[in-house]
Number of protein chains: 2
Amino acid sequence: MTVYNFSAGPAVLPTKVLEQAQSSLVDYQGSGMSILELSHRSSLFLAIIDECEQLLRELMKIPENYRVLFMQGGASLQFSMLPLNVARGKKALYVNTGAWAKKAIAAAKKVPNVTVEVVASSEDDSFTSVPTIAELDPEAAYVHITTNETIGGVSYHQIPDTGNVPLVADMSSNFLSNDYQVEDFAMIYAGAQKNLGPAGLTVVIIREDFLNTEEVFAPMLDYRVQADNQSMYNTPPTFAIYVAKLVLEWVKEVGGVAEVVKRNEEKAALLYDAIDQSQLFSSPVAKEARSLTNIPFVTGQAELDKLFIQQATAAGFENIKGHRSVGGMRASIYNAFPLEGVNALVAFMQAFEQEQGEN
Amino acid sequence: MTVYNFSAGPAVLPTKVLEQAQSSLVDYQGSGMSILELSHRSSLFLAIIDECEQLLRELMKIPENYRVLFMQGGASLQFSMLPLNVARGKKALYVNTGAWAKKAIAAAKKVPNVTVEVVASSEDDSFTSVPTIAELDPEAAYVHITTNETIGGVSYHQIPDTGNVPLVADMSSNFLSNDYQVEDFAMIYAGAQKNLGPAGLTVVIIREDFLNTEEVFAPMLDYRVQADNQSMYNTPPTFAIYVAKLVLEWVKEVGGVAEVVKRNEEKAALLYDAIDQSQLFSSPVAKEARSLTNIPFVTGQAELDKLFIQQATAAGFENIKGHRSVGGMRASIYNAFPLEGVNALVAFMQAFEQEQGEN
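Rules and cut-offs
Residues numbered from 1 in each chain as written. Chains lettered and ligands numbered in written order. Predicted model: local features only at pLDDT ≥ 70, side-chain atom pairs only at ≥ 80, totals over all residues. Heavy atoms only, no water. Phe/Tyr/Trp six-rings, centres within 6.5 Å; stacked < 30°, edge-to-face > 60°. Helix = DSSP H or I, 4+ residues; strand = E, 2+ residues; numbered from the N terminus. Buried < 20%, exposed > 50% of the residue type's maximum accessible area, 1.4 Å probe, protein only. Lys NZ or Arg CZ within 6 Å of the ring centre and 35° of its normal. Least-squares fit on C-alpha atoms with pLDDT ≥ 70 in both. Contact = heavy atoms within 4.5 Å. Expected span 1.5 Å × (residues − 1). Arc of directions from axis to C-beta. UniProt positions renumbered as here; feature names shortened; annotations may be inferred. 1 Å grid on protein atoms, 1.4 Å probe; cavity = no way out; pocket = protein on both sides within 12 Å on 5 of 7 lines; lining within 4 Å. Polar contact = N/O pair within 3.5 Å; in protein donor to acceptor, adjacent residues only side chain to side chain. Pairing = 2+ DSSP bridges. Axes fitted to C-alpha atoms, helices over the stretch in contact; angles between N-to-C directions. Salt bridge = Lys/Arg side-chain N within 4 Å of Asp/Glu carboxyl O.

Looking at the packing of aromatic side chains
- Applying the stated criterion to the full structure yields 36 aromatic pairs over all chains.
- Each ring, one from Phe281(A) and one from Phe308(A), has its centre 5.2 Å from the other, and the planes form 70°; the classification is edge-to-face. Of this pair, Phe281(A) sits in the loop between helix H7 (256–277) and strand E11 (294–297) while Phe308(A) sits in helix H8 (residues 302–314); the two residues are 27 residues apart in sequence, bridging distant segments of the chain. Phe308(A) matches Phe281(A) in its accessibility class, with the two residues each being buried.
- An aromatic cluster is present here, built from Tyr4(A), Phe6(A), Phe281(A), Phe297(A), Phe308(A), Phe317(A), Phe337(A), Phe348(A) and Phe352(A) joined pairwise through their rings.
- In this structure, Lys103(B) is placed above the aromatic ring of Tyr233(A), and the distance from its NZ or CZ to the ring centre is 4.5 Å.

So this is what it looks like as structure tokens:
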């Protein structure tokens, strides 16, 4: 049985990347050592982390005045680190677009000496759209957006103009899957386990003038310390960085981010078209805010959703169940998710709908 | 050429573990998904993390009133988290045994509202021994020791009695390589990348009554939050946890921690005997405080050290260079380091010494 993995993260990776990683597990490039056994200070690993950064810079067109940091702890740790580093004694502005934005807001509120203000929210329409930002306090430390809500399936297709207020984005679930310009952001962060690699790696792209000037009490949580130490203040997650490098090589090989986005648009259009043409399935998200990477859909009947998930799972569509907080179904179709898998899902949905009509 | 990897971490892993991990890289147990692609909420991964914890509990004889947490950020993040969680408004006591103890002390001093006191230090004898602890303030939040100094090669062979003051240990470099009793500690923490698995995983073993009662501003840094969420407050480093599970299975298979310690004692004795019998090489560490896992040695002449490192590296002895802060040589011979590698190093040292005598 062919298995298609719709997991929201850790998620599907390119087969080529998995095979390359596999071949390095016992002996990395004839070194007599596994990729897992390489000292992070060895020339072999330094070449990997350097190449990983260079590829990311090339693919995302990261300007020279930005630093790339390889960290740990996921977006959830960034939720606390960001205000801790750059908003103490200041105001931090947030746009509330759903579950992950809410987590970022809640975490920021707990950081001592930070004033959090929600400047826009789509909560009133159940987070099915992206809200418009009104005027922003020019003295604010930053305004934070979640470019893609993994659970709600809501995405920014146009980055808002925030004037002189630095824009910060949690880009975890559409990293390397968008046409944003890095220079529109003061900082971007993303957990790797969706479009970049295995769980346990977090990438931060930060403009040099946005780095904290005040020391943070914990060196591991201090952006400047991490930047000054080239992400090697302590042992970094070496294997995850290696796999991220392989993923970036794959992105480059298939034609770069623009090509990946084009493919994602095709995949997403297939599924949204099927949903929109269906009498049974529907998408809760406004068309202009629909995510390319995380696509929730529902039948409107909890029992029928359950039956669909059960049958789909049995047929090899793994992790098609929606997040426990919202129910329904969700297809996470990140960069490495194959077109055939979307076609197969669409065919399965149509067959399911037909069968329901006959009952 | 056979390669022996003396890296202090990331370090050598059992060949069997590497082969098992390799076989899971493309298709984990016939699931049609790579181990890297498994959702952390999937039953496949939940079985892995559960088994990892159960094996650790069994092998270390962890009592039921202790929690096992799988975290990220290495020992360096624990240096800040520990006082942040349990010493605010209190005194935190530290024993200074060398480079890593110093880092722990420096980090604790930066945590607001914590009073740090160094209660014993071997700095006066250049960190070549383990100091005796005098009387301890019974009101202190804890006393912290570094059971094995990875750089200095100094180790506790007997855990000090700290009375009613909770004992906390950074056990990163002799985790699963000692005969300590967990119940002698209120908390143990260790970076995985020496004796337990790949970089990017940190294990915390904490007695329930030692968990913080006060909330920490960042949920990711809050021991109680991590414990309440079974280490799944956010996506854990799934692959590192999987490899740790394989390492624990290997430890069990070879006969458990006691057998591993016995083997480590044999390996270490071989090398220390060679050093002590040598006219050229010497160990800077007092005999009663010598580490089983990290063995520094020197010729006393920087140029000769350099020559040795050069020739040894060329002969397949990787990462034999001492830490940049102390110079000389260092052989890190963790659990998975093979006896043949120690024999080969001893033979190489003897040949080098003879050659030098002839010059």
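Overview of the relation of the copies chain A and chain B
- In screw terms, the move from chain A to chain B is a rotation of 180° and a rise of 0.0 Å along the axis, fitting with an RMSD of 0.0 Å. The two molecules are tied by a two-fold rotation axis, judged by turn and shift. Looking at the rotation axis and the C-alpha trace of chain A, the residue lying nearest is Gln22(A), at 2.6 Å.
- An overlap of 100% is found between the interface residues of chain A and their copies at the interface of chain B, pointing to a shared contact surface.

A short note on helix H9 (residues 339–358) of chain B
All names here are of chain B.
- In a regular helix each residue adds 1.5 Å, so 20 residues correspond to 28 Å; H9 covers 29 Å between its end C-alpha atoms and thus fits that length.
- Of all the residues in H9, the buried ones are Gly 341, Val 342, Leu 345, Val 346, Phe 348, Met 349, Phe 352 and Gln 356. All buried residues of H9 lie within an arc of 165° about the axis, which places them on one face of the element. The exposed set on the far side of H9, more than 90 degrees from its buried face, consists of Gln 354, Gly 357 and Glu 358.
- In this structure, the buried side of H9 is in contact with strand E1 (4–5), helix H7 (256–277), strand E11 (294–297), helix H8 (302–314), strand E12 (317–318) and strand E13 (329–332).

Digging into the UniProt feature "binding site: pyridoxal 5'-phosphate" (unreviewed entry) in chain A
- When the UniProt feature table is mapped onto this chain, "binding site: pyridoxal 5'-phosphate" (unreviewed entry) is found at Ala75(A), Ser76(A), Trp100(A), Thr150(A), Asp170(A), Gln193(A), Asn234(A) and Thr235(A). In sequence the annotated residues extend across 161 residues, and in space they extend as well, their farthest C-alpha pair lying 30.4 Å apart. Lining the largest pocket, from the residues just named, are Asn234(A) and Thr235(A).
- Turning to its location among the elements, Ala75(A) is positioned in helix H3 (residues 74–86).
- Residues within four places of Ala75(A) in sequence aside, it is in contact with Asp170(A), Ser172(A), Tyr189(A) and Thr202(A).
- Within the element layout of this structure, Thr235(A) appears in the loop between helix H5 (223–228) and helix H6 (238–254).
- Setting aside residues no more than four positions away along its own chain, Thr235(A) makes contact with His40(A), Gln72(A), Pro10(B), Gln193(B) and Ala199(B).
- Within the structure, Thr235(A) has its side chain in polar contact with the side chain of Gln193(B) (distance 3.4 Å).

Structural notes on the sheet that holds strand E2 (residues 66–71) of chain A
All names here are of chain A.
- With respect to topology, seven strands assemble into an open sheet ordered E2-E10-E9-E8-E5-E3-E4, the strand pairing being mixed. With partners counted over all chains shown, the strands left at the sheet margins are E2 and strand E4 (114–121), one partner each. Each strand axis lies, on average, 20° off the axis of its neighbour in the sheet, ignoring direction.
- The sheet contact formed by E2 and strand E10 (residues 202–207) spans six bridges and is antiparallel. Bridging from a neighbouring strand, Met 71 pairs with Thr 202 of E10.

Quick word on the pattern of salt bridges
- A full pass over the atoms with the stated rule returns 30 salt bridges over all chains.
- One salt bridge connects Glu51(B) with Lys245(B), and the closest N-O pair in it is separated by 3.9 Å. One end of the pair, Glu51(B), is in helix H2 (residues 43–60); the other, Lys245(B), is in helix H6 (residues 238–254), and 194 residues separate them in sequence.
- The exposure class assigned to Lys245(B) is buried, which follows from its relative accessible area of 7%.
- Linking Lys245(B) and Glu249(B) is a salt bridge whose minimum nitrogen-to-oxygen distance equals 3.3 Å. Placement of the pair is Lys245(B) and Glu249(B) together in helix H6, with a separation of four residues, close to one helical turn.
- One connected set of salt bridges, linked through shared partners, spans Glu51(A), Lys245(A) and Glu249(A).

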